[in-house]
There are 2 protein chains.
Amino acid sequence: MKNIFESRIERIREEMRKRCIDIFMVFSGDYHGSEYVSEYFKCREYLSGFTGSAGTLVITDDKARLWTDGRYFLQAEAELEGSGIILMRSGMDGVSDIDDYLKETVSQGDTIGFDGRTVGLQYIQELADELADANINFDPSACLTDIIWDDRPLLKTAPVFLLDEKYAGEASDSKIEKIRKKMELLSADSHIITTLDDIAWILNLRGSDIPYNPVFLSYLLINRESIYLYTKPDVCDDSVCTYLKKLGVSLRDYDSFENDLDDHKLVGGKVLADNNSISVAVYDAISDRAEAIWDRNPSSIMKAKKNSIEMENERQAHIKDGTALTKMIYRLKKNKDIEKLTELDVAAELKTLREEQEGFIEESFAAIVATGENSAVIHYEPDETTNTHIKKDTFLLMDTGGHYYEGTTDVTRTVAIGTVTYEMKKLYTAVLKGNLRLAAATVKKCGGTNIDILARTPLWELGYDYRHGTGHGVGYLLNVHEGPQSIRIKRVSGEEDTDFAEGMLTSDEPGVYLPGEYGIRLENLMLTVPRETTQYGDFLQFETLTLAPFDKECILTEDMTAEDLALLRSYYAKVREKLIPHLSSEEKEWLLEETEL
Amino acid sequence: MKNIFESRIERIREEMRKRCIDIFMVFSGDYHGSEYVSEYFKCREYLSGFTGSAGTLVITDDKARLWTDGRYFLQAEAELEGSGIILMRSGMDGVSDIDDYLKETVSQGDTIGFDGRTVGLQYIQELADELADANINFDPSACLTDIIWDDRPLLKTAPVFLLDEKYAGEASDSKIEKIRKKMELLSADSHIITTLDDIAWILNLRGSDIPYNPVFLSYLLINRESIYLYTKPDVCDDSVCTYLKKLGVSLRDYDSFENDLDDHKLVGGKVLADNNSISVAVYDAISDRAEAIWDRNPSSIMKAKKNSIEMENERQAHIKDGTALTKMIYRLKKNKDIEKLTELDVAAELKTLREEQEGFIEESFAAIVATGENSAVIHYEPDETTNTHIKKDTFLLMDTGGHYYEGTTDVTRTVAIGTVTYEMKKLYTAVLKGNLRLAAATVKKCGGTNIDILARTPLWELGYDYRHGTGHGVGYLLNVHEGPQSIRIKRVSGEEDTDFAEGMLTSDEPGVYLPGEYGIRLENLMLTVPRETTQYGDFLQFETLTLAPFDKECILTEDMTAEDLALLRSYYAKVREKLIPHLSSEEKEWLLEETEL
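Residues numbered from 1 in each chain as written. Chains lettered and ligands numbered in written order. Predicted model: local features only at pLDDT ≥ 70, side-chain atom pairs only at ≥ 80, totals over all residues. Heavy atoms only, no water.

## Examining the overall build of chain A
Helix and strand counts for chain A come out as 19 helices and 28 strands. Taking 2.2 N^0.38 as the reference for a compact globule, 597 residues should give roughly 25 Å; the C-alpha atoms of chain A span a radius of gyration of 24 Å, in line with that estimate. In terms of overall dimensions, chain A has a C-alpha envelope of 65 × 60 × 50 Å along the principal axes. Across the 597 residues that make up chain A, the buried fraction comes to 60%. In chain A, of all internal contacts separated by at least 6 residues, the share reaching a separation of at least 24 is 70%. (Helix = DSSP H or I, 4+ residues; strand = E, 2+ residues; numbered from the N terminus. Rg over C-alpha atoms; globule rule 2.2 N^0.38 Å. Buried < 20%, exposed > 50% of the residue type's maximum accessible area, 1.4 Å probe, protein only. Contact = heavy atoms within 4.5 Å.)

## Re the interface of chain B and chain A
Across the contact, 32 residues belong to chain B and 32 residues belong to chain A. Counting each side, the surface lost to burial between chain B and chain A is near 2800 Å², with a carbon and sulfur contribution of 46%. Ranking the residues of chain B by area buried against chain A places Asn 450, Trp 460 and Tyr 536 of chain B at the top, with a combined share of 23%. Linking chain B with chain A are six salt bridges, by the criterion used here. Put simply, Lys 490 of chain A and Asp 499 of chain B hold a salt bridge, and the shortest N to O gap is 2.4 Å. Our count for the contact surface shared by chain B and chain A stands at 18 residue pairs in polar contact (both at pLDDT 80 or more). Those elements that place two or more of their residues in the side of chain B that touches chain A are β21 (442-443), α17 (448-460), β25 (511-514) and β27 (524-534) of chain B. A per-element tally of the side of chain B that touches chain A places α17 of chain B first, with six residues. (Buried area = accessible area lost by both parts, 1.4 Å probe. Salt bridge = Lys/Arg side-chain N within 4 Å of Asp/Glu carboxyl O. Polar contact = N/O pair within 3.5 Å; in protein donor to acceptor, adjacent residues only side chain to side chain.)

## Brief notes about the sheet that holds strand β13 (residues 270-273) of chain A
Residue and element names in this part refer to chain A. Read from one edge to the other, the open sheet built from six strands follows the order β12-β11-β10-β8-β13-β14, with strand pairing classed as mixed. In this open sheet, the two strands that pair with only one neighbour each are β12 (249-253) and β14 (291-294). The sheet shows a mean angle of 25° between the axes of neighbouring strands, taken without regard to direction. Judged from the two bridges that link them, strand β8 (residues 190-193) and β13 form a sheet pairing that is parallel. Pairing of His 191 across the sheet is with Leu 272, part of β13. In the packing of helix α9 (residues 196-203) onto the sheet, the strands contacted are β8, β10 (218-223), β11 (227-231) and β12, and the crossing angle to β10 comes to about 60°. Contacts from helix α10 (residues 238-247) reach β11 and β12 within the one sheet, and its direction differs from that of β12 by about 120°. (Pairing = 2+ DSSP bridges. Axes fitted to C-alpha atoms, helices over the stretch in contact; angles between N-to-C directions.)

## Examining the nonpolar core
With 156 residues, the main nonpolar core has Ile 451 of chain A together with Ile 451 of chain B as its most contacted residues. Excluding residues that lie within four positions of it along the chain, Ile 451 of chain A makes contacts with Leu 438, Val 443, Cys 446, Ile 487, Phe 500 and Phe 542 of chain A together with Ile 453 of chain B. If you look at the next biggest cluster of nonpolar residues, it comprises 56 residues, including Ile 176, Leu 220, Ile 227 and Val 240 of chain B. (Core = buried A, V, L, I, M, F, W, Y, C linked by side-chain atoms within 4.5 Å.)

## Side note on helix α15 (residues 343-355) of chain A
Residue and element names in this part refer to chain A. Between its first and last C-alpha, α15 extends 18 Å over 13 residues, near the 18 Å set by a 1.5 Å rise per residue. If you check which residues of α15 are buried, you get Glu 343, Val 346, Ala 347, Leu 350, Leu 353 and Arg 354. Angular distribution of buried residues about the axis of α15 spans 125°; they occupy a single face of the element. Against the buried residues of α15 lie α14 (308-334), β15 (360-363), β16 (368-371), β17 (394-400), β18 (402-404) and β20 (411-417). (Expected span 1.5 Å × (residues − 1). Arc of directions from axis to C-beta.)

## Concerning the packing of aromatic side chains
Evaluation of the coordinates by the stated rule reveals 46 aromatic pairs over all chains. A centroid spacing of 5.1 Å and a plane angle of 90° characterise the contact between Tyr 40 of chain A and Phe 41 of chain A, whose relative ring orientation is edge-to-face. This pair shows no difference in class: Tyr 40 of chain A is buried, exactly as Phe 41 of chain A is. Through pairs of rings, three or more aromatic residues link up here, namely Phe 27, Phe 114, Tyr 123 and Phe 138 of chain A. Just above the ring of Tyr 40 of chain A sits the side chain of Arg 152 of chain A; from NZ or CZ to the centre is 3.8 Å. In this structure, Arg 413 of chain B is placed above the aromatic ring of Phe 550 of chain B, and the distance from its NZ or CZ to the ring centre is 4.2 Å. (Phe/Tyr/Trp six-rings, centres within 6.5 Å; stacked < 30°, edge-to-face > 60°. Lys NZ or Arg CZ within 6 Å of the ring centre and 35° of its normal.)

## Side note on the pattern of salt bridges
Across all of its chains, the model carries 81 salt bridges over all chains by this definition. In this structure, Glu 130 of chain B engages Lys 103 of chain B in a salt bridge whose closest nitrogen and oxygen atoms are separated by 3.0 Å. Remark: Lys 103 of chain B occurs in helix α4 (residues 98-105) and Glu 130 of chain B occurs in helix α5 (residues 121-130); sequence separation between them is 27 residues. Asp 146 of chain B is paired through a salt bridge with Arg 152 of chain B; the nearest N and O atoms lie 2.7 Å apart. Under the relative-accessibility criterion, Asp 146 of chain B is labelled partly exposed at 29%. Judged by relative accessible area, Arg 152 of chain B falls into the buried class, the value being 15%. By sharing partners, the salt bridges in this structure join Asp 197, Asp 198, Lys 303, Lys 306 and Glu 482 of chain A into a single network.

## Points about the relation of the copies chain B and chain A
For the match of chain B to chain A, the screw axis carries a shift of 0.0 Å, the RMSD comes to 0.0 Å, and the turn is 180°. Considering both components of the superposition, the chain copies are consistent with a two-fold axis. When each C-alpha of chain B is compared by its distance to the rotation axis, Asn 450 of chain B comes out closest, at 2.4 Å. When the interface residues of chain B are mapped onto chain A, 100% of them again lie at the interface, so the same face is used by both copies. (Least-squares fit on C-alpha atoms with pLDDT ≥ 70 in both.)

## Side note on α17 of chain B
Residues and elements named next belong to chain B. A rise of 1.5 Å per residue sets the reference length of α17, with its 13 residues, at 18 Å; its end C-alpha atoms lie 18 Å apart and thus fit the reference within 8%. When the local axis directions of α17 are compared, the greatest deviation, roughly 35°, occurs at Leu 454, which is followed within four positions by the proline Pro 458. Counting buried residues in α17 gives 13 out of 13 residues, a clear majority hidden from the surface. (Bend = angle between axes of the 7 residues up to and from the residue.)

## Re the packing of α14 of chain A against helix α19 (residues 585-594) of chain A
Residues and elements named next belong to chain A. It is at 10 Å that the axes of α14 and α19 come closest, and there the two elements cross at 85°. The orientation of α14 with respect to α19, classified from their angle, is roughly perpendicular. Here Thr 326, Lys 327, Ile 329, Tyr 330, Lys 333 and Lys 334 of α14 come into contact with α19, specifically with Glu 586, Glu 587, Trp 590 and Leu 591. (Parallel < 35°, antiparallel > 145°, perpendicular 65-115°, else oblique.)

## With respect to unusual backbone geometry
For the bond from Gly 483 of chain A to Pro 484 of chain A, the omega torsion is 0°, close enough to zero to count as cis. Mapped onto the secondary structure, Pro 484 of chain A falls in strand β23 (residues 482-487). Look at Ser 187 of chain A: it is not a glycine, yet its phi comes out positive at around 60°. On the basis of relative accessibility, which here comes to 38%, the residue Ser 187 of chain A falls in the partly exposed class. At Cys 20 of chain B, a position not held by glycine, the phi torsion is positive, near 55°. Mapped onto the secondary structure, Cys 20 of chain B falls in the loop between α1 (4-18) and β1 (23-26). Judged by relative accessible area, which is 55%, Cys 20 of chain B ranks as exposed.

Encoded structure:
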């Protein structure tokens, strides 16, 4: 009997033949370039069974291949088993990347099909450049999965709610004014925004159309005099409608957006859009008629630099979040029957502890709670099939976070359950040193590629490394992964590194992963704050917001320099000061001991 | 009376009017993209009086502007005085860069003229893109300075000599074979090389046509079956001619090169050339007819990775060079009448000490010996007009180097003459810490932008910075500035950062400069060497080659961490071991004391 995914791919091949498509590509995106997508959009998962957040499926008449990155190698191996799909481990020696593979595979005049709404313009333009010699036809209207996906989930939409200015820190009309100033500078008459977090941020609205991302399916069109918000029907109640009307925002139907792009009365003159984030479909619609100005969405950098109210709120959110997590670690450490718990039990209990905090809305991403060898799978998520009982004498890794009215959190702690080996402690200490040293950086007109090495050095010195970036931007009650800044060794191809600026919220999360054994990751969020201004320039530094103890049992203080120890002591002084008022006397006693160096 | 440079620019303006040129640009280059150029090529200096190595002059009908970078601000201010030329300080807030200035200045249909042999293709292509809206005509045949420069120095050429394989480490035919393999991979039939250090490296030949750069004016054309070397007449003696004949290299005349590019019998099929290094003139000649393959010269990265014989030779060269410099520092420290010496006296004495070393050929660049406030001028060179007596109670900065058969050196030491203040010591110590920490880096698939921060952090933490890169590649008995790797915070625009690889020789030279007061720079050369290979990858580290003490008087050990001190101790152990056999007993005694922590 055929594997279910083999059968689905076979049905795609039938459609390919009907439309003379030689190669069919399936991407992971929704129509907004979102990192996470709602069930409706999960075409790649439907066809391949691979559930990771990043991956591209390429189907030819006799083969199917799935590319994914180092975070997902182990997971993809397991999930693709039996499907006949070949796993392509991106970045590994000897593995062709997609471009090279296609270069070798295509014949002159081949047609490559895909759903142009689900893939970014830049990606396809680069691919087209790479394949320029082969005279390839691109068919971005090949929405083949739409045809064969019978029991497809509905495109769910939830009510939109207004985020009060005491949380957002700036009124929407003020944000719009700034965007219009930028449009004026760029001589743009219209500005099209398709990224959901930008739209939510600009309008001070939130929703819940995508799990863990408090955004709502929409497009936004800002003209010099008018604003149109495209949403699914009935997601705005009377109060939101009144609010939008006051703002000068007219509501239009989500599904009419692409047609409206052809309407000169709505979209006129020069159109500003971000070719890094728009889809091929939107690009085709704009470039057919409007004079386009390709630039980053002005809201992208405005949103990244949290205002002073957002910054203060985030500090408060992190006290709440740290209280919940610290209580959880206390319980784990004191639980004599811990092996009776599963990863999902721990995730549920931690969620409950977060829910007890005032202002908690939802988790900011699917909790990663991973015991033993599961912790070596970088983006492991326990589910009904993988869920494992907590193991003793190994690590329990918890990468979790919450959305609060006061902002978004994202924190990883790795905890020793039972006794761990000297090697495990040595690596834990190296990861901790990397975390502390990165957070202690002084920066000046520089970006994430400049400082990544501060986190990696303690591991590199031991001959270890991790195959993921060290830090990502974080939204304010928005997506937990938010650009444009990031901390990594290599820039994302084609993109300039974004310099740190006051108010940016960025994660600091070095780790190390021994496949089949265990993984360690320690993650705090850091706010970029001023340090001093001298005649040599503006110097910035980081303020660590995350508040939770590291695992004392795992720290080899003899491996730490005096400076490392001073950083840890100073962090612990803050953890104690901020958390103790919210802990029971037993928890407090334990925390004092745990943070005594 | 008119300033002499005003008059020269006026004569240029006459020529501009004759040829209907609205804007005339004068670059610093020769026909080979060399960093330093022989007197014949110094058009920008002839017209402006500015003698720095980097700068661009832009002449319109009523204004002349000169752009240069932070290294040269003070020097350019002094040299442009009275010329009427406006100094444009690149990178300073509020100063337009050349592109922006031209964008604002040009009128539709203007003609921009320049000598296309003296400027890189990429620069002009980017400029053309920037000015695309203005319908600009570019006239790369406007060699106006050639017309007005009456007493121009002759294009001097010196004899070429063969570098024995015991120095070069690899025979020329082996290098050529590797280049031809790379040509085959790229499907190139011909390969044009215009960069002088590449040509010298490939052929294991050296010359002295450019001060301090042991290269010779030439072009090289490598075909699948034939090789043509274009030189000025009579620079190759019989033995070199015999050697070249054996290698299969035919000699042709330097001045016939551009014409030959049109000759299909000489340059056939697909032509590989480096669009980062060829001039507009050569580009025009190639692109008119040949199918061009634009890629880095294969020799560029091959040359950067020193072979094991070159590496061992460089170690020996640095013992010789360190001996000379250490003797010099000893003399300075012991000289009670030091104020009687001038900067040029010190430079001459140091040169003499180097000349006493076997295998010394010449200095590797014009010695920078700078006392007191002169040391704050980043690329100060003492000459007859600026030469200053050594001052007391301040710093003497010496940035010097030598070419030996065993390789090239480049070293900076800053020495306290008399008593220096606490602030001076504090900054000296910060620069020293940056130098030591950078050299202690562990690297893995990463480049100079990733590690620059290790050198800058101690200064940034004090609110100081320096306006130059932290490190540059160094040639083997070749140019003291050699690509492709470098250590800096921002990549050079449009270029990818080159990853470190075994055998690369790179400088490590943080500094700090207080205009009008003093400057500090400490520079060592480091070789990239293997550290270990694990399942996580290939790890590399640096081996410091430069051997000379730092100034004990200036080091605040209380500002150094235990790890900083350990690095310094370990460096000093090597300095003692390698240098003491070459020092007199007084020098030895002093060195032991100077390196006792």
